[in-house]
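# Structure at a glance
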Protein chains: 2
Amino acid sequence: MYPEPFKSRMGDRAKRRLGDACGLTRFGVNLVTLGPAGQSALRHWHMLEDEFVYVLSGEVVLVTDAGEQTLSAGMCAGYPAGKRDAHHFVNRSNQPATYPEIGTRVDGDNAFYPDDDLMWVDDGDGQYAAHKDGRRYT
Amino acid sequence: MYPEPFKSRMGDRAKRRLGDACGLTRFGVNLVTLGPAGQSALRHWHMLEDEFVYVLSGEVVLVTDAGEQTLSAGMCAGYPAGKRDAHHFVNRSNQPATYPEIGTRVDGDNAFYPDDDLMWVDDGDGQYAAHKDGRRYT
């Protein structure tokens, strides 16, 4: 999870770990419920992870380098590993939105956050949160 | 795709390649529509691929070594890489069923089909269909 002050910015967000419940290890699957004003994540991209989302209900705003786009039930988005286009979902409606999010599980992944003083770094024993200059968040 | 006589047994099955459309390479995502009497696949398991399905609409029967279980909208199933429990979906209803299927993309995967004279083998240049004794289907 993010260090503060980032963690609190996620707002009303709940995840059910469906992939873990099934014993999967190569990718994760979370069923996400994003309440009004909730965010999926800070806007970010992954070096080694593909990510994919499929909206089941409600409406979310996808924010990427290209701008904003509203996604509703039956719409999907994918973010290829290594593509330097940071993305996240924001729920600007007054209803919850639900979607499964799928992400590769792979050692050595780093993630980058162009809008915030944060990066997520794998040091061989797992991932840690760091400032952009490399100092660890404590 | 399977060689005959297996291919025809799939019946009414259509797939939209959502992951490819998004440029993903680490896992595949297909939106599957399975018509009445359609099958997702021959019953099989993968050595190196996790697989996951989430039912969006309709009803499918999941068949594994443990028997049969009916899944309807909002239910999911996952099949961990290397777990020797062959699985597939059959639509025994009179309505179509839809679900995304997600599977790891990884070189060197083999797949095994306990009910049929088939295995799917990676020879370093891709996968081919073989009889259980190793002879290639031609």
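Here, every reference points to the structure presented above.
None of these values were measured; they are calculated from a predicted model.

To continue, consider the overall build of chain A. Regarding its fold elements, chain A presents one helix and 12 strands. In sequence order, the secondary structure elements of chain A are arranged as β-α-β-β-β-β-β-β-β-β-β-β-β. Its C-alpha radius of gyration of 15 Å places chain A within 12% of the 14 Å reference for a compact globule of 138 residues. Projected onto its principal axes, the C-alpha positions of chain A cover 40 × 35 × 25 Å. Scored against the burial criterion, the 138 residues of chain A give a buried share of 50%. Residue pairs at least 24 apart in sequence account for 62% of intrachain contacts in chain A once pairs closer than 6 positions are excluded. Taken as a whole, chain A presents about 6,600 Å² of accessible surface, with 48% of it coming from carbon and sulfur.

Our next topic: the sheet that holds strand E9 (residues 97-104) of chain A. All names here are of chain A. Strand order across the open sheet formed by five strands is E1-E2-E9-E4-E7, with antiparallel pairing between neighbours. Looking at which strands have only one partner, the edges of the open sheet turn out to be strand E1 (13-17) and strand E7 (76-79). Shown here is a sheet whose adjacent strand axes are inclined to one another by a mean of 20°, direction ignored. When strand E2 (residues 27-34) meets E9, the two strands line up antiparallel, connected through eight bridges.

Before going further, it helps to spend a moment on the packing of aromatic side chains. Taken as a whole and assessed by the stated rule, the structure comprises 11 aromatic pairs over all chains. Ring geometry for Tyr 2 of chain A against Tyr 113 of chain A: centres 5.9 Å apart, planes inclined by 90°, an arrangement best described as edge-to-face. Separated by 111 residues along the polypeptide, Tyr 2 of chain A in the segment before E1 and Tyr 113 of chain A in strand E10 (residues 111-113) bring together distant segments of the chain. Arranged with centres 5.9 Å apart and planes meeting at 45°, the rings of Phe 27 of chain A and Phe 27 of chain B form a pair that is tilted.

Attention shifts here to the interface of chain A and chain B. Tallying the contact residues gives 24 residues for chain A and 24 residues for chain B. Between chain A and chain B lies a buried interface of about 1,900 Å² when both sides are counted; carbon and sulfur atoms form 75% of it. Considering only the surface of chain A that becomes buried against chain B, Arg 26, Phe 27 and Asp 50 of chain A emerge as the three largest contributors, covering 28% of it. In this structure, the connection of chain A to chain B is made through zero salt bridges. When residues in the side of chain A that touches chain B are grouped by element, the largest group, four residues, is from E7 of chain A. Here the side of chain A that touches chain B is built from residues that sort into 16 nonpolar, five polar and three charged.

This paragraph deals with the state of the cysteines. Counted under the stated rule, the structure contains zero disulfides over all chains. Not part of a disulfide, Cys 22 of chain B finds its nearest cysteine sulfur in Cys 76 of chain A, a span of 4.8 Å.

Once that is clear, we can look at the relation of the copies chain A and chain B. Superposing chain A onto chain B requires a rotation of 180° together with a translation of 0.0 Å along the rotation axis, leaving an RMSD of 0.0 Å. Taken together, the rotation and translation relating the two chain copies correspond to the operation of a two-fold axis. Here 100% of the contact residues of chain A are again contact residues in chain B; the copies associate through an equivalent surface.

Before going further, it helps to examine the nonpolar core. Within the largest apolar cluster, 16 residues are counted, with the highest numbers of intra-cluster contacts made by Phe 27, Val 29, Phe 52 and Ile 102 of chain A together with Phe 27, Phe 52 and Ile 102 of chain B. Of all the elements in the fold, those that place two or more residues in this core are E2 and strand E4 (51-54) of chain A together with strand E2 (27-34) and strand E4 (51-54) of chain B. Ignoring anything within four residues of it in the chain, the contact list for Val 29 of chain A reads Arg 16, Arg 17, Leu 18, Gly 19, Leu 24, Pro 100, Glu 101 and Ile 102 of chain A together with Phe 52 of chain B.

All names here are of chain A. For Thr 98, the location among the structural elements is in strand E9. C-alpha of Thr 98 to C-alpha of Glu 49: the two residues are 49 residues apart in sequence and 22 Å apart in space. When sequence neighbours within four positions are dropped, the list of residues in contact with Thr 98 reads Val 32, Thr 33, Tyr 54, Val 55, Leu 56 and Ser 57. A distance of 2.7 Å separates the side chain of Thr 98 from the side chain of Ser 57, its partner in a polar contact.

About the cut-offs
- Residues numbered from 1 in each chain as written.
- Chains lettered and ligands numbered in written order.
- Predicted model: local features only at pLDDT ≥ 70, side-chain atom pairs only at ≥ 80, totals over all residues.
- Heavy atoms only, no water.
- Helix = DSSP H or I, 4+ residues; strand = E, 2+ residues; numbered from the N terminus.
- Rg over C-alpha atoms; globule rule 2.2 N^0.38 Å.
- Buried < 20%, exposed > 50% of the residue type's maximum accessible area, 1.4 Å probe, protein only.
- Contact = heavy atoms within 4.5 Å.
- Areas by Shrake-Rupley, 256 points an atom, 1.4 Å probe, with all protein chains shown as cover.
- Pairing = 2+ DSSP bridges.
- Axes fitted to C-alpha atoms, helices over the stretch in contact; angles between N-to-C directions.
- Phe/Tyr/Trp six-rings, centres within 6.5 Å; stacked < 30°, edge-to-face > 60°.
- Buried area = accessible area lost by both parts, 1.4 Å probe.
- Salt bridge = Lys/Arg side-chain N within 4 Å of Asp/Glu carboxyl O.
- Nonpolar A, V, L, I, M, F, W, Y, C, P; charged D, E, K, R; others polar.
- Disulfide = S-S within 2.5 Å.
- Least-squares fit on C-alpha atoms with pLDDT ≥ 70 in both.
- Core = buried A, V, L, I, M, F, W, Y, C linked by side-chain atoms within 4.5 Å.
- Polar contact = N/O pair within 3.5 Å; in protein donor to acceptor, adjacent residues only side chain to side chain.

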